[in-house]
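Topology and contacts: notes
Each chain is listed here by its residues.
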Amino acid sequence: MQKHNKGPAANSLDEIQEKLEPLIAGAASTAVFLDLDGTLAPIMPRPNDVSIPADIIRLIRQLAHKYMAVTIVSGRPATGAKRIVGNAELAYIGNHGFETMLPGHAVVVCEEAQPFLTRIRELIESCHKNEQTPEMGIWIEDKTATMSFHFRRAHDPEQAVAFIHENFFPIIEKMGLAVFEGRKVIEVRPPAPVNKGVAVGELLDRLSCRQAIYIGDDTTDVDALKELRKRSRRKNSIMVGVGVISSEMPSELPKSADLLVERTSGVEQVLQMLAGEEL
């Protein structure tokens, strides 16, 4: 009988607890980094419909008072992520690392992105002029420092991707912008060496922090997981990367993570452990 590959399995609660124990014991010296969509909240057909379960919101509030720092790391603009989470005590890394917003401060767009903001604006205007775009089930998201083509609602996702490639990729290439593909989304960003991993690393350095955990589910989270793994090789460093299993999980995610959990419910269990709650 032919065996079907079911993909990687989630770690047991005992395995997770053992891995998290040093971070829990040293909470005051530990930074917590949390992706938003697909991690704290289920993916929705319309990004504007995403909301975080109340219990996870409660746990994040507890962690913010217990750990050195809690940071939301998102592909959304930092202000958009803050609006969904609703917590001003946290730091926010937005636009896949191109934006940072510390508690009590305004959003800062990294210097590397500044020269390309006008081109992003011109691209968005050009895309809106194509009347077929909404007919294909494609929604264009303006994120100022970046922009996204969402096609989760398209009747034929493959056809939508082909349409984006045919109609917009020549313009993107001419403008010298970079393209990244995620879960039912194509991101267009400045061609700068900036990603979630770079932004997480910079914040860890700013905090002089040698202990951290990152939880994420998508291709863009792999950069952050790799950054933590690289730092885990340093002396006196404890870094834990957690990948979230889903039907759309990128193949690189489990290879870069130290632990795997099932969907948002598994993430909630990790947050409960970090908060010291009984499961």
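As the structure is a computational prediction, the values presented were derived from the model and not from experiment.

So, the nonpolar core
In this structure, Leu20, Ile213 and Leu271 are the most contacted members of the largest nonpolar core, which totals 39 residues. At six residues, the largest contribution of residues to this core is made by helix α10 (residues 263–275). Setting aside anything within four residues of it in sequence, one finds Ile213 in contact with Leu20, Leu23, Ala31, Val32, Phe33, Leu228, Val240, Val242, Val270 and Leu274.

Considering helix α3 (residues 78–85)
Along α3, the positions that sit buried rather than exposed are Ala78, Gly80, Ala81 and Val85. Seen from one end, α3 has its buried residues packed into an arc of 160 degrees, which puts them on one side. Those residues of α3 hidden inside the fold are in contact with α2 (54–66), β2 (69–73), β3 (91–94) and β4 (99–101). Directly after α3, the chain includes Gly86, whose backbone phi takes a positive value near 70 degrees.

Focus: the sheet that holds strand β1 (residues 30–35)
Two pairing modes exist for strands in a sheet, parallel and antiparallel, and in both the strands are linked by backbone hydrogen bonds. Strand order in the open sheet made by the eight strands is β5-β4-β3-β2-β1-β10-β11-β12, with mixed pairing throughout. At either end of the open sheet lies a strand with only one pairing partner, and these are β5 (108–109) and β12 (259–262). Sheet analysis places β4 next to β5, joined by two bridges and oriented antiparallel. Bridging across to β5, Thr100 finds its partner in Val108.

Observations concerning the packing of aromatic side chains
Going through the model one piece at a time under the given rule, you end up with two aromatic pairs. Judged by centre distance (5.2 Å) and plane angle (15 degrees), the ring pair of Phe149 and Phe168 falls under stacked. One end of the pair, Phe149, is in strand β7 (residues 147–150); the other, Phe168, is in helix α6 (residues 157–175), and 19 residues separate them in sequence. Of the two residues, Phe149 and Phe168, neither departs from the other in class, the shared state being buried. Considering the side-chain rings of Phe163 and Phe168, the 6.0 Å spacing of their centres and the 80 degrees angle between planes classify their relative orientation as edge-to-face. One aromatic cluster is present, formed by Phe149, Phe163 and Phe168 through successive ring pairs. Here the guanidinium or amino end of Arg189 rests over the ring plane of Phe180, the centre of that ring lying 4.0 Å away.

What to know about the packing of helix α4 (residues 117–128) against α6
Taken N-terminus to C-terminus, the directions of α4 and α6 make an angle of 165 degrees; their axes are 11 Å apart at the nearest point. Judged on the interaxial angle alone, α6 and α4 are roughly antiparallel. Between α4 and α6 lies a crossing whose hand is right-handed. Contacts between α4 and α6 involve Arg119, Glu122, Leu123, Ser126 and Cys127 on the former and, on the latter, Phe168, Ile171, Ile172 and Met175.

What about the pattern of salt bridges?
This structure, assessed with the given rule, holds 16 salt bridges. Among the salt bridges present, the one from Arg121 reaches Asp142, with a minimum N-O distance of 2.8 Å. Of this pair, Arg121 sits in helix α4 while Asp142 is found in strand β6 (residues 139–142), placing the two residues 21 residues apart along the sequence. We classify Arg121 as partly exposed; its relative accessible area is 32%. A salt bridge links Asp205 to Arg231; its shortest N-O distance comes to 3.0 Å. Within this pair, whereas Asp205 is found in helix α7 (residues 196–207), its partner Arg231 is found in helix α8 (residues 219–231), the two being separated by 26 residues in sequence. Using a relative accessible area of 5% as the deciding quantity, one classes Arg231 as buried. Salt bridges here are not isolated pairs; linked through shared partners, they connect Arg152, Arg183, Lys184, Asp217 and Glu248.

Details of the environment of Arg121
Separated by 26 residues in sequence, Arg121 and Met147 place their C-alpha atoms 8.7 Å apart. Apart from residues no more than four positions distant in its own chain, Arg121 is found in contact with Asp142 and Thr144.

Here we look at the environment of Asn48
Here Asn48 shows up in the loop between β1 and α2. Note: C-alpha distance between Asn48 and Asp217 (169 residues apart in sequence) is 19 Å.

What about unusual backbone geometry?
Positive phi, normally seen in glycine, also occurs at Ser208, with a value near 55 degrees. Examined against the element boundaries, Ser208 turns out to sit in the loop between α7 and β10 (211–216). For Ser208, a relative accessible area of 65% corresponds to the exposed category. Positive phi outside glycine occurs at Asn236, with the angle close to 60 degrees. Examined against the element boundaries, Asn236 turns out to sit in the loop between α8 and β11 (238–245). In this structure Asn236 comes out as exposed when scored by relative accessible area, which is 63%.

Calculation rules
- Residues numbered from 1 in each chain as written.
- Predicted model: local features only at pLDDT ≥ 70, side-chain atom pairs only at ≥ 80, totals over all residues.
- Heavy atoms only, no water.
- Core = buried A, V, L, I, M, F, W, Y, C linked by side-chain atoms within 4.5 Å.
- Buried < 20%, exposed > 50% of the residue type's maximum accessible area, 1.4 Å probe, protein only.
- Helix = DSSP H or I, 4+ residues; strand = E, 2+ residues; numbered from the N terminus.
- Contact = heavy atoms within 4.5 Å.
- Arc of directions from axis to C-beta.
- Pairing = 2+ DSSP bridges.
- Phe/Tyr/Trp six-rings, centres within 6.5 Å; stacked < 30°, edge-to-face > 60°.
- Lys NZ or Arg CZ within 6 Å of the ring centre and 35° of its normal.
- Axes fitted to C-alpha atoms, helices over the stretch in contact; angles between N-to-C directions.
- Parallel < 35°, antiparallel > 145°, perpendicular 65-115°, else oblique.
- Left-handed = near helix turned anticlockwise from the far one by under 90°.
- Salt bridge = Lys/Arg side-chain N within 4 Å of Asp/Glu carboxyl O.

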